[in-house]
Amino acid sequence: IPLRRAKAAAAPPPLAPAVPPPPAPPGGARWAVVIGVDRYESRQVPPLRYSVRDAEALHEFLVGPGGFKGDHVVLLTDRSERKPTLRNIKWALGTFLTRSAKKDDTVLVFFAGHGVPEVDPRGVERDGLSKYLAPADVDPDDLYSTGLPMDELQTIFQRIEAERMVVLLDACYSGTAGGRTFTSLKARTRAAHVDDLFLERLARSKGRAIVTASRPSELSLEVPELGHGLFTYYLLQGLRGDL
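Keep in mind that this is a model prediction, so the values were computed, not measured. (Residues numbered from 1 in each chain as written. Predicted model: local features only at pLDDT ≥ 70, side-chain atom pairs only at ≥ 80, totals over all residues. Heavy atoms only, no water.)

## Let's talk about the confidence of the model for the protein
Low-pLDDT portions of the prediction should not be read for the details of their coordinates.
In step 1: With 72% of its residues at a pLDDT of 70 or more, the protein has an overall mean of 81.
In step 2: Segment residues 1-22 is flagged for pLDDT under 50; beyond a separation of four residues in sequence, or across chains, it makes 2 contacts in the model.
In step 3: Below pLDDT 50 for its whole length, residues 188-192 participates in 12 contacts with residues either more than four positions away or in separate chains. (pLDDT = per-residue confidence, 0-100. Contact = heavy atoms within 4.5 Å.)

## With respect to the packing of aromatic side chains
In step 1: Taken as a whole, this structure holds 3 aromatic pairs when the rule is applied.
In step 2: The interplanar angle of 75° and the centroid separation of 5.8 Å between the aromatic rings of Trp 31 and Phe 96 together place this pair among those described as edge-to-face. Of this pair, Trp 31 sits in strand 1 (residues 30-36) while Phe 96 sits in helix 2 (residues 86-100), placing them 65 residues apart in sequence. As far as the burial class goes, Trp 31 and Phe 96 line up, both buried.
In step 3: Geometrically, the ring pair formed by Trp 91 and Phe 96 is tilted, given 5.9 Å between the ring centres and 35° between the ring planes.
In step 4: With relative accessibility at 26%, the residue Trp 91 sits in the partly exposed group.
In step 5: Clustering of aromatic rings is evident, with ring pairs tying together Trp 31, Trp 91 and Phe 96.
In step 6: It is Arg 30 that lies over the ring of Phe 68; its NZ or CZ is 5.4 Å from the centre.
In step 7: For the cation-ring pair, Arg 82 lies above Trp 91, with the distance from its terminal atom to the ring centre recorded as 3.9 Å. (Phe/Tyr/Trp six-rings, centres within 6.5 Å; stacked < 30°, edge-to-face > 60°. Helix = DSSP H or I, 4+ residues; strand = E, 2+ residues; numbered from the N terminus. Buried < 20%, exposed > 50% of the residue type's maximum accessible area, 1.4 Å probe, protein only. Lys NZ or Arg CZ within 6 Å of the ring centre and 35° of its normal.)

Set out below in structure tokens:
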């Protein structure tokens, strides 16, 4: 609104316009679980190079410019006090978030590490494959009891009361060499036609958004020139406003 010309010489000069405050975040608190796995206990699982760096960089952003309170973010990596084992991951997702996040809160879940397919013994998957996220203590010969099934992830998320949840997965499930995936001992054939039905199920609940590094049959790549997984590098660039 243009300032009107002062009618009297004694009128004080106009004040400089105030800098508008940043937009207020959605109502409620913000919570996050950030997971990165490079080194696996089993020698049969190929190590990764940048998953931990990805998780640490995102954690640094969240508790800094992202405005998350430090005690509202759980970090599980090879270098953190709590390691990214199956038990700790289930505690962070199914206990910490369930007890902490309320209806009006916002939840962010990030996982960088291996995804792995296995022949579906139930016969309910269109592509014939069950999918898992691989904790640090995963056993390639016993994914059912040592991996985190994507179907169980859906059950865990249903326990969380928050109606706004974003899930970021820098992993893939094709079993093809060269990315953040491997083939289980139970399914040595590579999965050439992995479909995304499991992601559709994961996103069915109200307010759930799932963002993955690649399509189900593609690779999630690590790029030495970037020092990060390709997906997470550009995710961080976008969050920082550098794109």
